[in-house]
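# Fold and contact review
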Amino acid sequence: MKKKLVFATNNIHKLKEISAIIGDKIDILTLKDIGCFEDIPETADTIEGNALIKALYIKNKYGYDCFADDTGLEIKSLDNRPGVYSARYAGEEHDAEKNMCKVLSELQGITDRSARFKTCFALIYENETHTFEGIVNGRITENKRGESGFGYDPIFLPEGYDKTFAEMGDEIKNKISHRAIASQKLINFLIKR
């Protein structure tokens, strides 16, 4: 019998991406599926902490085994900003376009554009808590490039590639991304269980 897990996110892009990565290995329930319509707070000062807050919220309030993620873009020259504030870097409205413009503006004239995407999944399963991390190193481009993906994908060039996440398309990105790395660790763990 396939495992059922709640993915504690309201982000349809993340849901689509994780569903494509996981495929039919696990039945993923959405927050809507369990009747959760509230905005889960993200008040931790680390990516791992935010993922754990969201997973614990669902487990404690709804009783489901679940997993949650948080992702941040860490840029070396900006003291690892935007980091935990990646989604709301340019304001509380979570506007990806404004976030990218702010990053590009802050990097103007800076030669070290090295950056990394970091995802952490927090899993609460059979009354145990586990975390799984995925990191992709790369750099921030001078301009936005590409139409697919979401968030900072048009300005992130992963190491070893000549296309941004937004240029390479979902099929390639879903094999090499920070979220793909972390989710593969999550899947491997669940398969062993």
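Source: prediction; values computed, not measured. (Residues numbered from 1 in each chain as written. Predicted model: local features only at pLDDT ≥ 70, side-chain atom pairs only at ≥ 80, totals over all residues. Heavy atoms only, no water.)

Another aspect to go through is the UniProt feature "active site" (unreviewed entry) in the protein chain. Under the present numbering, the feature "active site" (unreviewed entry) in UniProt falls on Asp70. Structurally, Asp70 is set in strand β3 (residues 66-75). Of the residues examined, Asp70 reaches a relative accessible area of 5% and is grouped as buried. (UniProt positions renumbered as here; feature names shortened; annotations may be inferred. Helix = DSSP H or I, 4+ residues; strand = E, 2+ residues; numbered from the N terminus. Buried < 20%, exposed > 50% of the residue type's maximum accessible area, 1.4 Å probe, protein only.)

Estimated volume of the largest pocket: approximately 810 Å³. In terms of lining, the largest pocket is formed by 33 residues, of which the most central are Asn11, Lys14, Glu42, Ala87 and His94. Contributing elements (two or more residues each) for the lining of the largest pocket: α1 (12-22), β3, α3 (96-106) and α5 (178-192). Broken down by class, the residue content of the lining of the largest pocket amounts to 10 nonpolar, 11 polar and 12 charged. Estimates place the volume of the second largest pocket at around 180 Å³. Lining the second largest pocket are Ile12, His13, Lys16, Glu17, Ala20, Gly149, Phe150, Asp170 and Asn174. Of all the elements in the fold, those that place two or more residues in the lining of the second largest pocket are α1 and α4 (165-176). It is α1 that provides the largest number of residues to the lining of the second largest pocket, a total of five residues. (1 Å grid on protein atoms, 1.4 Å probe; cavity = no way out; pocket = protein on both sides within 12 Å on 5 of 7 lines; lining within 4 Å. Points joined across faces, edges and corners; volume = space filled by probe spheres on them. Nonpolar A, V, L, I, M, F, W, Y, C, P; charged D, E, K, R; others polar.)

On to the pattern of salt bridges. Within the structure shown, the criterion is met by 16 salt bridges. With its nearest N and O atoms 3.5 Å apart, the salt bridge here joins Lys118 to Glu133. Of this pair, Lys118 sits in strand β5 (residues 114-125) while Glu133 sits in strand β6 (residues 128-140), placing them 15 residues apart in sequence. Glu171 is the salt-bridge partner of Lys175, the closest N and O atoms lying 4.0 Å from each other. Of this pair, Lys175 and Glu171 both sit in helix α4, separated by four residues, roughly a single helical turn. A relative accessible area of 63% means that Glu171 is categorised as exposed. Residues joined in a network through salt bridges with shared partners are Lys14, Asp69 and Arg179. (Salt bridge = Lys/Arg side-chain N within 4 Å of Asp/Glu carboxyl O.)

A separate point is the pairing of β5. Most of β5 is tucked away, with 10 of its 12 residues classed as buried. Sheet analysis places β3 next to β5, joined by 10 bridges and oriented antiparallel. Within β5, the residue paired with Cys66 across the bridge is Ile124. Where β5 lies against β6, 12 bridges are found, and the strand directions are antiparallel. From the neighbouring strand, Thr119 faces β6, where its bridge partner is Gly134. (Pairing = 2+ DSSP bridges.)

Within the secondary structure layout, Arg145 lies in the loop between β6 and β7 (156-158). Its relative accessible area of 28% is what places Arg145 among the partly exposed residues. As a C-alpha pair, Arg145 and Phe156 span 11 residues in sequence and 8.8 Å in three-dimensional space. Discounting chain neighbours no more than four positions away, the residues touching Arg145 are Pro154, Leu157, Asp162, Lys163, Thr164, Ala166 and Glu167. From its side chain, Arg145 meets the backbone oxygen of Asp162 in a polar contact 3.0 Å long. Engagement of the side chain of Arg145 in a polar contact is seen with the side chain of Glu167, the distance being 3.0 Å. (Contact = heavy atoms within 4.5 Å. Polar contact = N/O pair within 3.5 Å; in protein donor to acceptor, adjacent residues only side chain to side chain.)

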